[in-house]
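# A look at the structure
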Amino acid sequence: MTETHDAIVIGAGFSGLAILHHLREIGLDTVVLDAQDGVGGTWLANRYPGVRTDSEYSYYSFSFSKEVREEWTWTQRYPAGAEVLAYLNFVADRLDLRRDIRLETRVESAVYDEAANTWTVYVDGGAPLVAKYLISGMGVLSQAIYPDIPGIDSFAGEKHHTAHWPRDGVDLAGKRVGLIGLGASGIQLVPEIGPQVGEFVVFQRTPNFIVESTNDAVTAEDMAWLRDNYDAIYEKAANHPFGVAMEPAQFSALEVSDERRREIFEGKWNEGGFHFANECFNDLATNHAASELASEFIRAKIREIVRDPATADLLSPKTYSFNGKRVPTGHGYYEAFNLDHVRLVDTATTPITAITPTGVRVGDTEYELDVLIFATGFDAMTGTLTNIDIVGREGITLRDRWERDGLRSHLGIGVHGFPNFFMSLGPQTPYSNLVVPIQLGAQWLQRALRWARENDVDVFEASLESEDWWAEETARTGKATVMYTEGKKAKAWFLGENVPGKPEAFLVYMGGGQVYQHYCRELEESGYASMLAERRVPEALSS
Ligand code: N01
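Residues numbered from 1 in each chain as written. Predicted model: local features only at pLDDT ≥ 70, side-chain atom pairs only at ≥ 80, totals over all residues. Heavy atoms only, no water.

What follows deals with the side chain of D100. When you line up the elements, D100 lands in the loop between α4 (81–94) and β3 (101–102). In contact with D100, not counting residues within four places along its chain, are L20, R24, T30, V31 and V32. (Helix = DSSP H or I, 4+ residues; strand = E, 2+ residues; numbered from the N terminus. Contact = heavy atoms within 4.5 Å.)

What follows is about the nonpolar core. F14, F276, F322, I390 and W444 are the most contacted members of the largest nonpolar core, which totals 159 residues. The element that contributes the greatest number of residues to this core is helix α14 (residues 435–454), accounting for 10 residues. Both domains that furnish three or more residues to this core are identified here as domain 1 (3–143 + 380–477 + 504–542) and domain 2 (144–209 + 323–377). What I390 contacts, discounting residues up to four positions off in sequence, is A110, W119, L134, M138, L385, I396, T397, L398, F418 and F421. (Core = buried A, V, L, I, M, F, W, Y, C linked by side-chain atoms within 4.5 Å. Buried < 20%, exposed > 50% of the residue type's maximum accessible area, 1.4 Å probe, protein only. Domains from an automatic or database assignment.)

In this section: the site of the ligand. Taken together, 22 residues surround the ligand, and among them R52, S185, T206, K325 and W493 come closest. W493 has a polar side-chain atom sitting 2.7 Å from an oxygen atom of the ligand. It is helix α5 (residues 184–193) that provides the largest number of residues to the shell around the ligand, a total of 3 residues. A breakdown of the residues in the shell around the ligand according to their chemical character gives 9 nonpolar, 8 polar and 5 charged. (Near = heavy atom within 4 Å. Polar contact = N/O pair within 3.5 Å; in protein donor to acceptor, adjacent residues only side chain to side chain. Nonpolar A, V, L, I, M, F, W, Y, C, P; charged D, E, K, R; others polar.)

This paragraph deals with the domain arrangement of the chain. Domain annotation of the chain identifies domain 1 (3–143 + 380–477 + 504–542) and domain 2 (144–209 + 323–377). A C-alpha centroid distance of 32 Å is found between domain 1 and domain 2. Contact with domain 1, which involves 15 residues of that partner, is made by 20 residues of domain 2. Note on domain 1 versus domain 2: buried area summed over both sides is about 1,500 Å², and carbon and sulfur give 46% of it. Summed over the three residues of domain 1 that lose the most area to domain 2, namely Y48, P49 and D54, the buried surface amounts to 41% of that side. (Buried area = accessible area lost by both parts, 1.4 Å probe.)

Across the chain, the average pLDDT comes to 96, with 98% of residues at or above 70. In the predicted structure, residues 535–543 sits below a pLDDT of 50 and forms 21 contacts with residues beyond four places in sequence or in another chain. (pLDDT = per-residue confidence, 0-100.)

Before going further, it helps to spend a moment on the sheet that holds strand β15 (residues 365–368). Taken in spatial order, the 3 strands line up as β13-β14-β15 in an open sheet, and their pairing is antiparallel. Of all strands in the sheet, those bounded by a partner on one side alone are β13 (352–356) and β15. Going from strand to strand, the sheet's axes swing by 20° on average, the running direction of each strand aside. Pairing of β13 with strand β14 (residues 359–362), which is carried by 4 bridges, proceeds in the antiparallel orientation. Residue pairing for β14: I352 is matched across the bridge by V362. (Pairing = 2+ DSSP bridges. Axes fitted to C-alpha atoms, helices over the stretch in contact; angles between N-to-C directions.)

This part is about helix α15 (residues 464–479). Owing to its 3.6 residues per turn, the α-helix aligns residues three or four sequence positions apart on the same side. The terminal C-alpha atoms of α15, which comprises 16 residues, lie 22 Å apart, in line with the 22 Å expected from a rise of 1.5 Å per residue. Buried residues along α15 sit in contact with α13 (398–405), α16 (482–490), β20 (508–509) and α17 (513–525). (Expected span 1.5 Å × (residues − 1).)

For strand β6 (residues 129–136), the buried fraction is high: 7 of the 8 residues fall into the buried class. Note that strand β1 (residues 3–10) and β6 share 7 bridges and pair parallel. Opposite I10, over in β6, you have S136 as the bridge partner. Where strand β5 (residues 118–123) and β6 come together, 3 bridges link them in antiparallel fashion. Counterpart to V121 in the pairing with β6 is L129. Between β5 and β6, which pair antiparallel in sequence order, lie 5 residues; one of them, G125, sits at a positive phi of approximately 75°.

Written out as structure tokens, the structure is:
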């Protein structure tokens, strides 16, 4: 007998847990499927040394559950990956979510049945499941990619990707270790493993602007303050363009004296992490000259911290300016290059030519290694959705739809041709601390599906017009930021530039999380007008 539910959610990370809780609250029989052997999503997969949040504990958590707020205690300002994973396990237990979560269940495809208005979900090694609603909570940075370097499979030593780090860890003590990839993942790994390894060869193609921070302990007073102010903190984060509980800066980097600017940069650098990016000036993300001033400040910091001038120079981005890549928070990244056995190899001027059985060849120089680590990123935002067959009306997959028509979604929530399919953090959702749009998205979905039941609406489906509008709005707002010009130069993942052959498009909405939430509210207030299906097949797909 076929197992049926009201809703099937794919993924048991932040998104899946929030959605399960919210759909249960309105009485929908919901099951969550996840390929991994535990809950936690990205925090279960990414267990490399040094992994931790870039957002601070106070707004990197759900606010919807009083029990969780009252009973969970954070210990670090930027919680380590293991602590976030423990938090998500706590959420799953405290909200009694596990009885509806099916682990080690890999979804292979999901097919819409037009006559029955249901989705059939096919899983590896099990019977198919059927539900009216299909919801993706598969995460935005989950489809890990390896570089296309000749000989990559020939390496005879240990080879690991940060996104598939072995559960039992890797013994790196005294070994010759190489690292390819210096995005947010690689830069967290460097200071953590640097002191342990025998020799450390860090292959750098494009340097990053790292905003250094300290990681203070969260005290009992801090937790008491958080519990007293949770709603206000959450609201602040929800009203901030990037989902952080910070005051957006009010003036331009160009309208203050050099001395005052330096003072402000210095103050926010000392506060650490995203404070620098978000609280100094209001135009570091929108004005190239302002972003270049921030770049120059960080370059000077690198020269101050890194003792060897040649290494400091190599670590300083010069081909693009601040915000051209997603800005990572560092914890002693630049200091790590002061260790004698840590060596930075520039692969921009002389590229990696091959991976050999014994190491990595750069030009004609071979670096012999015992362990090779890839922190080479993800097929972001769309990769997980196009990696499985999600088959909508007329037998068309999401992959084919986007290949033929370009990236299309309505607010990153729904796609025309895919009725009753919803995405948490689908492509074209905000560039943000993601816990905020995850929670607000789960609450939006709860209200939408309750409304559908109360109004006898059977099908939600994004209209073609709504997709066109959102594609234009995403491109328009994105192109007004330095993330566009600088992101192209820096081959940023948010433009799809990091995956060879991926069409350039803003994969995230740069217009601000608070603006995005305004549009979600408008959709709701309209009675979901642009999601009530006009049942027609896009011309481009029917031909
Ligand atoms: O991946 P990335 P990531 N040869 O794509 C290099 C989130 N995150 O996993 O810049 C040589 O940023 C590539 O070089 P280049 C966060 O949103 C969050 O680090 O293309 N190098 C780059 O250095 C983040 O932005 C957290 O020249 C190659 C690196 O690999 C996102 O995940 C922690 C190469 C890839 O960097 C992705 O971060 C971690 C090649 N052929 C991640 N191919 C927290 O919140 C690729 N590279 C804490």
